[in-house]
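Commentary on secondary and tertiary structure
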2 protein chains.
Amino acid sequence: MNDFGQRLSDAILAKKTPAMVGIDPRWELLPEELRRDAVAEHGETTKAVAQGYQVFCQRVLDEVADLVPVVKFQMAFFEAAGAEGLLVLSQLVDHAHDAGLLVVLDGKRNDIGSTAAAYANAYVGSIGIGSTTLRPWNADALTVSPYLGTEGINPFVESCDKHGTGIFVLVRTSNPGAGAIQELSAEGRSVCERVADLVEGASASLTSTPDGYGPLGAVVGATVPEQLVALRKRMPHVPLLIPGYGAQGGSAADTSAGFDERGLGAVVNSSRAILFSYRLKDGAEAPWKDSFATAARRMIDDLATHTPAGRLR
Amino acid sequence: MNDFGQRLSDAILAKKTPAMVGIDPRWELLPEELRRDAVAEHGETTKAVAQGYQVFCQRVLDEVADLVPVVKFQMAFFEAAGAEGLLVLSQLVDHAHDAGLLVVLDGKRNDIGSTAAAYANAYVGSIGIGSTTLRPWNADALTVSPYLGTEGINPFVESCDKHGTGIFVLVRTSNPGAGAIQELSAEGRSVCERVADLVEGASASLTSTPDGYGPLGAVVGATVPEQLVALRKRMPHVPLLIPGYGAQGGSAADTSAGFDERGLGAVVNSSRAILFSYRLKDGAEAPWKDSFATAARRMIDDLATHTPAGRLR
């Protein structure tokens, strides 16, 4: 089985773009007709929210499936719709796979030992019941938070190695205050550099080709371009997931250092700019059903113009 | 509305113990009759796992409800049973509340900005749909991971302040390799000391009584008793959640420094020793239905004998 790093590179080459669409639904931003229909059917309940997310996100997936290699579901928004929201999430993961997309679940999970293994089994591995092996969530990759150290990472690495799946470890996030922990420096290395070394070390051991990308990725924000340069060099076998493009202030040029000269090695996420471009500044709504492909094409062109991803074309 | 710190202290005083039961179900350790019944009804599916967890955990809750103030559900195990597992978790939270227990969800969630707010709304806050306000998960508190800095904590603090709920921030965890990140020291303070200062700073501003405990708690492992002494002093308004007792190697005496002289200020978690005491070393099963109260009483007595929690009696 190909590992996640290979599958991600293949998908980027096939779609000729490193654009990742972030599926971050927000009830109050959904098209009014969807909210009205959902409440008419289910009342003002989490079930209505879940139904709204299902209809909306399926349309997003159908619109972008031919354009981008990978989507990232932000689990928080589905969890905020209770267990019904998570049922819809699991259906959307299947829908995305059926449409030919790779799926990253952005859950920033983290724990140790057998509990970390339970998360790994849940999202990027499998569980055994009697003689049956099941993949409960069947994601291609999961985001993981590193505060617990290597014991919080290794159970995920084992699952990824066994199942051809991946993780993206938070290394340097895109929020202004991230440095308070991540940039602390001791004995010549900052916290985020130590996490980067941990990911690169674990990844190199799993990567089959010397210049390829392994199944262990890292999250490095577009809002810290000078860190992106340094961390890209520090993790040569590690595919990057770059958030912070667009609504959070990072430009396409800011993501440029994440790529190698072939245009591989990184995916760039955009959520709000693709999902909610139909919402006009005065609060009115433009037609929404075709807005997702239009917004995705705009991002794809922007990345192709201002980063090495243009060489994928 | 009383804040979570007050409600936690009240519950500890009412039950006269700081023992917390960790609800960490594992399919392969469930009583054989439960597994057989569940598979007979649902086949080898995640639905069978979810049903097994429901029957098992309801019994645990019913057995310990009169003995302890608070239970902690480990979300990873429920997530490993897919969306069905999370539906059962939400039902068990209600069941625990009906039985008079406080509920902590151990999800170690973390994100920034509006995504962190979505987690906060989901677990310790509320969401609005039209004119209706709903509490999707209705937990009393949630565990939170601090790698993203204050922007990853503040949205939770706002929800807690508004809803009388709490969080427990990971400060110093109980695993052997935790120090790789958490003990890194720069400019006179380690990473975990910085996180502790962050939690104490945010907590002091929310705490109404000068010697009371606020709604913001911290996770500090029993396996690092010297750190527990220092971190307890560093966070005088912060209730501690102490894992690592029992199966992970921490003794009751190791948790002692977490308490004030009244026996308040900390809860001590035990999961495996209470849930799976019916499993004998040779793989056989002792009767399980009454095992949970017996094991909980053993822990309660141990804490009363070797820590200031004895003064609660």
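Residues numbered from 1 in each chain as written. Chains lettered and ligands numbered in written order. Predicted model: local features only at pLDDT ≥ 70, side-chain atom pairs only at ≥ 80, totals over all residues. Heavy atoms only, no water.

**Notes on the overall build of chain A**
To keep it simple, the criterion reads: Secondary structure counts use DSSP, requiring at least four H or I residues in a row for a helix and at least two E residues in a row for a strand, with both numbered from the N terminus. For this measure, only C-alpha atoms enter the radius of gyration; the expected value for a globule follows 2.2 Å times N^0.38, where N is the number of residues. Classification of residues uses two cut-offs on accessible area relative to the type maximum, computed with a 1.4 Å probe and protein chains only: under 20% is buried, over 50% is exposed, and between them is partly exposed. Pairs of residues are marked as contacts when any of their non-hydrogen atoms sit within 4.5 Å. We count Lys and Arg on the positive side and Asp and Glu on the negative side, and we leave His and both chain ends out. Note that the charge is assigned to NZ on lysines, CZ on arginines, CG on aspartates and CD on glutamates.
Helix and strand counts for chain A stand at 13 helices and 12 strands. Relative to the globule expectation of 20 Å for 313 residues, the C-alpha radius of gyration of chain A, 19 Å, shows essentially globular dimensions. Taken along the three principal axes of its C-alpha coordinates, chain A extends 60 × 55 × 40 Å. Looking at chain A residue by residue over its 313 residues, the buried ones come to 63%. Long-range contacts, defined as pairs at least 24 residues apart, comprise 70% of the intrachain contacts of chain A with a sequence gap of at least 6. Here chain A holds 28 positive side-chain charges and 37 negative ones, and the gap between their average locations is 3 Å.

**Brief notes about a negative patch on the surface**
Residues and elements named next belong to chain A. So the rule is basically this: Surface patches are drawn from residues lacking salt bridges whose relative accessible area is over 30%; two like charges belong together within 9 Å, two nonpolar side chains (Val, Leu, Ile, Met, Phe, Trp, Tyr) within 5 Å. Exposure was quantified through the Shrake-Rupley algorithm and a 1.4 Å probe, taking into account, for residues, occlusion by the shown protein chains and nothing else. By convention in these notes, a salt bridge is any Lys or Arg side-chain nitrogen within 4 Å of a carboxyl oxygen on Asp or Glu.
Side chains of Glu32, Glu33, Asp37, Glu41 and Glu285 sit close together on the surface and give a patch of like negative charge. Inspection of the secondary structure assignment puts Asp37 in helix α2 (residues 32–42). Residue Asp37 is classed as partly exposed on the basis of its relative accessible area of 42%.

**Some remarks on the packing of helix α6 (residues 113–124) of chain A against helix α7 (residues 150–163) of chain A**
For any two helices packed against each other, the geometry comes down to the angle between their axes and how far apart the axes lie. Residue and element names in this part refer to chain A. Note the cut-off: Simply put, an axis is a line fit to the C-alpha atoms, just over the touching stretch for a helix, and the angle between two N-to-C directions goes from 0 to 180 degrees. Should the near helix be turned anticlockwise from the far one by less than a right angle, the crossing is left-handed, and should it be turned clockwise, the crossing is right-handed. Any residue outside Ala, Val, Leu, Ile, Met, Phe, Trp, Tyr, Cys, Pro, Asp, Glu, Lys and Arg is labelled polar, Gly included; the first ten of those are nonpolar and the last four are charged.
At a closest axis distance of 8 Å, the pairing of α6 and α7 adopts a crossing angle of 35°. Classified by chirality, the crossing of α7 by α6 is right-handed. Across the interface between the two elements, Gly113, Ala116, Ala117, Tyr119, Ala120, Asn121 and Val124 from α6 touch Glu151, Pro155, Phe156, Ser159, Cys160 and His163 from α7. Split by residue class, the contact of α6 with α7 holds 8 nonpolar, 4 polar and 1 charged.

**Here we look at unusual backbone geometry**
Working note: non-glycine residues mostly have negative phi, and peptide bonds are mostly trans. Despite not being glycine, Lys16(B) has its phi angle at roughly 60°, a positive value. Examined against the element boundaries, Lys16(B) turns out to sit in the loop between α1 (4–15) and β1 (19–23).

**Observations regarding the UniProt feature "active site" (unreviewed entry) in chain A**
The following threshold applies: UniProt positions are given in the numbering used here, feature names are shortened, and annotations may be inferred rather than shown by experiment.
The UniProt record marks Lys108(A) with the feature "active site" (unreviewed entry), using the residue numbering of this structure. Inspection of the secondary structure puts Lys108(A) in strand β3 (residues 102–109). Judged by relative accessible area, Lys108(A) falls into the buried class, the value being 8%. When neighbours within four sequence positions are excluded, Lys108(A) is seen to be in contact with Gln74(A), Thr143(A), Val144(A), Ser145(A), Leu170(A), Lys108(B), Asn110(B) and Asp111(B).

**Structural notes on the sheet that holds β3(A)**
All names here are of chain A. Quick note on the threshold: Here the rule is simple: two strands pair whenever DSSP picks up at least two bridges between them.
Ordered by their spatial adjacency, 8 strands build a closed barrel running β1-β2-β3-β6-β7-β10-β11-β12, and the pairing between neighbours is parallel. Taking the axes of each pair of neighbouring strands and ignoring which way they run, one obtains an average angle of 30° across the sheet. When β3 meets strand β6 (residues 141–144), the two strands line up parallel, connected through 3 bridges. Its bridge partner being in β6, Arg109 is matched across the sheet by Val144.

**Some remarks on the interface of chain A and chain B**
Put simply, the test is: Here the buried area means the combined drop in accessible surface, using a 1.4 Å probe, for two parts upon being joined, counting both sides. Definition of a polar contact: a pair of N or O atoms within 3.5 Å, with one able to donate and the other able to accept a hydrogen when the atoms are protein atoms, and with sequence-neighbouring residues admitted only if both atoms are side-chain atoms.
Contacts between the two partners involve 64 residues from chain A and, on the opposite side, 64 residues from chain B. Carbon and sulfur atoms make up 61% of the area that chain A and chain B hide from each other, which totals about 5,100 Å². Applying the counting rule to chain A against chain B returns 4 salt bridges. Counting every contact that joins chain A to chain B gives 30 residue pairs in polar contact (both at pLDDT 80 or more). Taken together, the residues of the side of chain A that touches chain B break down into 33 nonpolar, 22 polar and 9 charged.

**Some remarks on the relation of the copies chain A and chain B**
Rules: To line up the copies, we fit them by least squares on C-alpha atoms, keeping just the residues with pLDDT of at least 70 in both.
If you rotate chain A by 180° and push it 0.0 Å along the axis, it lands on chain B with an RMSD of 0.0 Å. Expressed as an axis order, the relation between the two copies is that of a two-fold axis. Taking C-alpha positions as reference, the residue of chain A nearest the rotation axis is Ala186(A), located at 2.6 Å. The residues that chain A uses at the interface reappear at the interface of chain B in 100% of cases, marking a shared surface.

**Quick word on the side chain of Thr115(A)**
Structurally, Thr115(A) can be placed in helix α6. If we ignore the near neighbours within four places in the chain, the residues touching Thr115(A) are Gln74(B), Ala76(B) and Phe77(B).

**Considerations on the state of the cysteines**
Worth spelling out the cut-off: Any pair of cysteine sulfurs within 2.5 Å is marked as a disulfide.
Within this structure, the stated rule accounts for 0 disulfides over all chains. Cys192(B) takes part in no disulfide bond, and the closest cysteine sulfur, belonging to Cys192(A), lies 19 Å away. In this structure Cys192(B) comes out as buried when scored by relative accessible area, which is 0%.

**Brief notes about the sheet that holds strand β12 (residues 266–270) of chain B**
Residue and element names in this part refer to chain B. The 8 strands lie next to each other as β1-β2-β3-β6-β7-β10-β11-β12, forming a closed barrel whose pairing is parallel. Strand-to-strand twist across the sheet, computed as the mean angle between neighbouring axes with direction ignored, equals 30°. Note that β1 and β12 share 3 bridges and pair parallel. Residue pairing across strands places Ala19 opposite Val268, the latter belonging to β12. Strand contacts of helix α9 (residues 191–204): β7 (166–172) and β10 (216–220), with the helix running at about 160° to β7, the strand carrying the most contacts.

**Describing the pairing of strand β2 (residues 70–74) of chain A**
Residue and element names in this part refer to chain A. When you tally the buried positions in β2, you get 5 out of 5 residues, the bulk of the element. Neither face of β2 is left uncovered, since the one carrying Val70, Lys72 and Gln74 and the one carrying Val71 and Phe73 both have all their residues buried. Here strand β1 (residues 19–23) runs beside β2; their pairing, made up of 4 bridges, is parallel. Paired with Val21 across the two strands is Val71, which belongs to β2.

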